[in-house]
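Structural overview
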Amino acid sequence: TFLKNRVWSNGANNIRYQVSPSIRNTVSSNVIWRSAAGENLYLYAGASSNTIIGNTLSNSAGDGMKIEGGDGNSVSGNVMRASGGAAFVLYGVGADTARGNQILRNDARGSSGYGFYIVRGVGGTFRSNVATNNGSIGFALVSECTGNVISAGRSQANFGTGFEVQTLSVRNSFRSNTSERNGGS
């Protein structure tokens, strides 16, 4: 458990769970900012059944939060601002997908890249998330995403498209979302 810490200005990643797999960890109520060369929060390959709740992440050189190859994670109520890459990244690695993740009520603002960037996500729930003023697409299902439900999301004033489904992504459902003042492509 990583609870109520203030972490800032570290070299590569501010918090990195590199044990493979990273299972049943809790990261809650932390203030994490200014990673010099990487992510503010990075859960490495096989990150499964973790709870990430109520954190504030800002000013990372790389992505704000990255979860790699994990299943059954719960990510809720986090604020991710001013990331050098995407605000939030979830992706399957190699032959593994990222299955059954719950991404709820997160706020991704002002990143240089995507708001929410999902690769090989399967059967995930993305509900009541907000992507605003990001340098690319607000919500992107990038490659081989299947059976995800994206609902009650808001994509506003992003440089790219509000919501986008890309290569080999099928059977995803978008419900009751709002997309406004995005740049598109």
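A quick note: this is a predicted structure, and the numbers were derived from the prediction, not measured. Per chain, residue numbering runs from 1 following the sequence as it is written. Totals for whole chains, interfaces and linings use all residues, but because this is a predicted model, local features are given only for residues with pLDDT of at least 70 and pairs of side-chain atoms are given and counted only at 80 or more. The side-chain values count all of the structure's non-hydrogen atoms but skip hydrogen atoms and water molecules.

Thoughts on the overall build of the protein chain
As a reminder, the rule being used: Runs of E in the DSSP output that reach at least two residues are strands. Runs of H or I that reach at least four are helices, and both are numbered from the N terminus. Three labels apply to residues, based on accessible area from a 1.4 Å probe with only protein chains included: buried if under 20% of the type maximum, exposed if over 50%, partly exposed otherwise in between. Contacts between residues were defined by any pair of non-hydrogen atoms, one from each residue, lying within 4.5 Å.
Check the secondary structure of the protein chain and you find 0 helices and 25 strands. Oriented by its inertia axes, the alpha-carbon framework of the protein chain measures out at about 35 × 30 × 25 Å. Every one of the 185 residues in the protein chain was classed for burial, and the buried ones make up 54%. In the protein chain, the share of contacts with a sequence separation of at least 24, taken over all contacts with a separation of at least 6, comes to 60%.

Details of the pairing of strand β20 (residues 139–143)
Keep this limit in mind: Pairing between two strands is assigned when DSSP locates at least 2 bridges connecting them.
By the criterion of burial, β20 is predominantly enclosed, with 5 of the 5 residues buried. Pairing geometry for strand β16 (residues 116–119) and β20, over 4 bridges, is parallel. Paired with Val 119 across the bridge in β20 is Ser 143. Taken together, the 3 bridges between β20 and strand β23 (residues 163–165) define a ladder with parallel strand orientation. Within β23, the residue paired with Phe 139 across the bridge is Phe 163.

Details of the nonpolar core
Which entries qualify depends on this criterion: Residues enter a nonpolar core if they are buried and are Ala, Val, Leu, Ile, Met, Phe, Trp, Tyr or Cys, with the set joined through side-chain atoms within 4.5 Å.
Counting 29 residues, the largest nonpolar core has Leu 41, Ile 52, Met 65, Ile 67, Phe 88 and Phe 116 as its most contacted members. At the level of elements, β3 (15–17), β6 (41–43), β9 (65–68), β12 (88–91), β16 and β20 are the ones that each hand at least two residues to this core. If you look at the next biggest cluster of nonpolar residues, it comprises 8 residues, including Ala 86, Val 89, Ile 137 and Val 142.

Observations regarding the sheet that holds strand β11 (residues 79–81)
Strand pairing in a sheet relies on backbone hydrogen bonds. The paired strands run either parallel or antiparallel. Stated formally: Here, axes are lines fitted to C-alpha atoms. For helices the fit covers the stretch in contact, and angles between N-to-C directions go from 0 to 180 degrees.
Strands sit in the order β2-β5-β8-β11-β15-β19-β22-β25 across an open sheet of 8 strands; the sheet is parallel. The strands lining the two open edges of the sheet, one partner per strand, are β2 (6–8) and β25 (178–180). Averaged over all neighbouring strand pairs, the angle between strand axes comes to 5°, with direction disregarded.

A word on the pairing of β12
Residues of β12 alternate between two faces, with Phe 88 and Leu 90 on one and Val 89 and Tyr 91 on the opposite face, all of them buried. Judged from the 4 bridges that link them, β9 and β12 form a sheet pairing that is parallel. When the sheet's bridge partners are listed, Glu 68 is paired in β12 with Tyr 91. Relative to β16, β12 runs parallel, the two being bridged by 4 bridges. Looking at β16, one finds that Tyr 91 is bridged to Val 119.

A closer look at the packing of aromatic side chains
How two aromatic rings sit relative to each other is set out by the distance from centre to centre and by the angle between their planes. What counts is decided by this rule: Two aromatic rings, drawn from Phe, Tyr or Trp (for Trp, its six-membered ring), form a pair once their centres lie within 6.5 Å of each other, and the interplanar angle then sorts them: stacked below 30 degrees, edge-to-face above 60, tilted otherwise.
Scanning the entire structure with this criterion turns up 7 aromatic pairs. Taking the centre distance of 5.8 Å and the plane angle of 50° together, the rings of Phe 88 and Phe 116 count as tilted. Residue Phe 88 is found in strand β12, and its partner Phe 116 is found in strand β16; the two are separated by 28 residues along the sequence. Phe 116 shares its class with Phe 88; the two are buried. Three or more aromatic residues joined by ring pairs make a cluster, and in this case those are Phe 88, Phe 116, Phe 139, Phe 163 and Phe 174.

What about the environment of Gly 54?
With respect to the element layout, Gly 54 can be found in the loop between β7 (51–53) and β8 (56–58). The class for Gly 54 is partly exposed, based on a relative accessible area of 35%. For the pair Gly 54 and Val 75, spaced 21 residues apart in sequence, the C-alpha to C-alpha distance is 8.7 Å. Those residues in contact with Gly 54 that lie beyond four places of it in its chain are Ser 29, Asn 30, Ser 76, Gly 77 and Asn 78.

Geometric values such as these leave the question of function open.
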